[in-house]
Amino acid sequence: MKLTGAKILMQSLKEEGVDTIFGYPGGAVIDIYHELVQTDIRHILVRHEQGAVHAADGYARASGRVGVCLVTSGPGATNTVSGIASAYFDSIPIVVLTGQVPTQLIGNDAFQEVDIVGITRPCTKHNYLVTRVEDLARVVREAFHIAKSGRPGPVLIDLPKDLMSKKCEYRPPKDVNLKSYQPTYRPNTKQLHKVVKLIKEAKRPMIVAGGGVVLSKGSEELRKFAEKIQSPVSTTLMGLGAFPTQTPLWLGMIGMHGTYRANMSTAACDLMIAIGVRFSDRVTGKTDAFAHQAKIVHIDIDPTSIRKNIPVTIPVVGDCRQTLQMLNELLEKEDFSGVQKPRTAWINQIEEWKSTKRLAYTQSDTIKPQFVIEKLYELTAGKALVTTEVGQNQMWTAQYYHFDQPNSFITSGGLGCMGFGLPAAIGAQVARPDKLVVDIAGDGSIQMNIQEMATAVQYGLPVKIIILNNQYLGMVRQWQELFYNRCYACTGMEHAPDFVKLAEAYGAVGLRATKPEEVEETLKQGLALPRTVIMEFVVEREEKVYPMVPAGAPITDMLLV
Ligand SMILES: Cc1ncc(C[n+]2csc(CCOP(=O)(O)OP(=O)(O)O)c2C)c(N)n1
């Protein structure tokens, strides 16, 4: 039987198991929307297309499935670019469906025409402009395959309007077979034997785990691996949650705002096993000073990320979970009883760093943002699914909310995109209705996609928004204080809406705390309400995130409190 393009699209999405689409309609996608409402796929109407992409991203991170969004052509499509780039940086599987003008008008300066395929080429894993309705079912199938396999990422499908009403036979392909795209999941065992040899020789080993461990669902294998070889473990920002924080092996986060002991370990270790990390500049600081005494093993599914930023002793191309699993099997046969003793000095050194230079802040009679996050951790027993905006709020969350479960920390790591947290929280709450979802925000970032409050209220999503209001674009102000002689150029945000009234205007609940003794009660009250809640905390204006490594310095050159 012949079906229209719009029907084929819906049928194909259903076959991919899609149950939710975040989107915003318009002329170019009107046929798709007409068809969409006849299906049982849930549609979440956001208030801005950037919100749709971040929500699809949050949905993907919280559920481990592919997130989907649908927007119209032209401005609808261009509004998605920040969200696509954010997902691309953090390797998040999403499929973005954009409307396009009819095929015969492409290239004619038509109303609401943009070349979104051209615009997004550098920030998608792959993208398609569909030009024949006969190709549609295959393209959708391929898009999902590409988004979720290998190193995951965003895939865009541009859908000209005329194809949505054209008909053809619905013949979805059985399998996807892309000759030029065959990711390697199983690592080379010869390389793994070399890794085992290095592990046995090492006196000062260290593991650095990244987002790749979370994405490959490899946390359990990582825990086994670290315990077996008795190596301390650090994670990148994206790797938080991949390793339990309440064990003596936990070093804390590495990098610009990493812990003292994690950063010092990088310079002193003789073996670094990096798993699913990109070695971004936020992690390495000055690259030639990074892990300069160490042999480096780099495990990653994406061969192009190996040796991109850091020279490597043993490259291992493979899926992080599968590689750890195979390493654990090899290690079963090895005797590690002899490794402890020569490493005593190393473990003692780390203990000393840990006890002398802890993460710390000084209480005063104004609210400290770190205190709010610590209290939140305590009250939620670390079980919340936390999203963040970008800036100091993001780094304090990474430092003071201890993430023991993978997929519980959702943040725009690579792009650092303000406005991410609220829509991502919406997506996460849709994916996990059983979970407490909290967005930790700055007063600047929250205003970038505050309109999504309406979405949260419309769909009865009980997300909690914690605004750490320092009346500054705090992280930029911090740089100005430390490196620009306290010249606070354009970072003051004294004028903001009354967030309590704003919450109420959206039909949500607004609470505010201005003194430290009100923090706990406000959190308790807000967390207990089964509704969308904004909790505003008026915090110390000039509090800083410490430790901090100045940009471009070695990561052992930390500014401490
Ligand atoms: C879209 C976007 N614009 C600008 C920036 C640059 N930037 C990084 S952090 C920051 C300040 C964030 O301020 P706020 O949201 O109030 O959070 P705080 O740092 O005070 O916690 C800015 C402007 C960014 N990351 N993203």
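Residues numbered from 1 in each chain as written. Predicted model: local features only at pLDDT ≥ 70, side-chain atom pairs only at ≥ 80, totals over all residues. Heavy atoms only, no water.

> Help me out: how do you make sense of the site of the ligand in this one?
The local shell around the ligand holds 17 residues, among which Gln392, Gly416, Gly444, Ser445 and Gly474 are the closest. With respect to the ligand, the backbone of glycine 444 contributes an N or O atom lying 2.8 Å from an oxygen atom. Between the ligand and methionine 475, the relevant distance is 2.9 Å, taken from an oxygen atom to a main-chain nitrogen or oxygen of the residue. For the ligand, whose unbound accessible area comes to 590 Å², protein coverage reaches 76%. Every element with two or more residues in the shell around the ligand is listed here: helix 17 (392–400) and helix 20 (474–483). (Near = heavy atom within 4 Å. Polar contact = N/O pair within 3.5 Å; in protein donor to acceptor, adjacent residues only side chain to side chain. Areas by Shrake-Rupley, 256 points an atom, 1.4 Å probe, with all protein chains shown as cover. Helix = DSSP H or I, 4+ residues; strand = E, 2+ residues; numbered from the N terminus.)

> Help me understand the sheet that holds strand 13 (residues 295–300) in this model?
Neighbouring strands of a sheet are bound in pairs by backbone hydrogen bonds; such pairs are parallel or else antiparallel. Sheet architecture is open: six strands sit in the order 11-10-9-12-13-14, paired in parallel fashion. Two strands bound the open sheet, and with one partner strand each, they are strand 11 (250–253) and strand 14 (314–317). Geometrically, the sheet is characterised by an average inter-axis angle of 15° between neighbouring strands, direction not taken into account. Here strand 9 (residues 205–209) runs beside strand 10 (residues 233–235); their pairing, made up of three bridges, is parallel. Directly across from valine 208, in strand 10, lies its bridge partner serine 234. (Pairing = 2+ DSSP bridges. Axes fitted to C-alpha atoms, helices over the stretch in contact; angles between N-to-C directions.)

> Whenever I open this one, the pattern of salt bridges confuses me. Can you help?
Pairing between side chains of opposite charge can happen when their charged atoms approach one another. In the structure shown here, the tally under the stated rule is 34 salt bridges. The salt bridge involving lysine 224 is made with glutamate 221; its shortest N-O contact spans 3.8 Å. Residue lysine 224 and its partner glutamate 221 are located together in helix 11 (residues 219–229), separated by three residues, close to a single helical turn. Connected through shared salt-bridge partners, Arg477, Glu481, Arg486, Glu542 and Lys544 make up one network. (Salt bridge = Lys/Arg side-chain N within 4 Å of Asp/Glu carboxyl O.)

> So what exactly am I meant to see when it comes to the sheet that holds strand 18 (residues 464–469) here?
As summarised here, the arrangement of the six strands in space is 16-15-17-18-20-19, forming an open sheet in which the pairing is parallel. Of all strands in the sheet, those with a lone pairing partner are strand 16 (409–410) and strand 19 (509–513), marking the two edges. Pairing geometry for strand 17 (residues 437–442) and strand 18, over five bridges, is parallel. Along strand 18, the bridge assignment pairs alanine 441 with isoleucine 467. Each of strand 17, strand 18 and strand 20 (533–538) is contacted by helix 16 (residues 369–380), which is oriented at about 160° to strand 18, the strand it contacts most. In the packing of helix 18 (residues 421–431) onto the sheet, the strands contacted are strand 15 (385–388), strand 16, strand 17 and strand 18, and the crossing angle to strand 17 comes to about 175°. (Contact = heavy atoms within 4.5 Å.)

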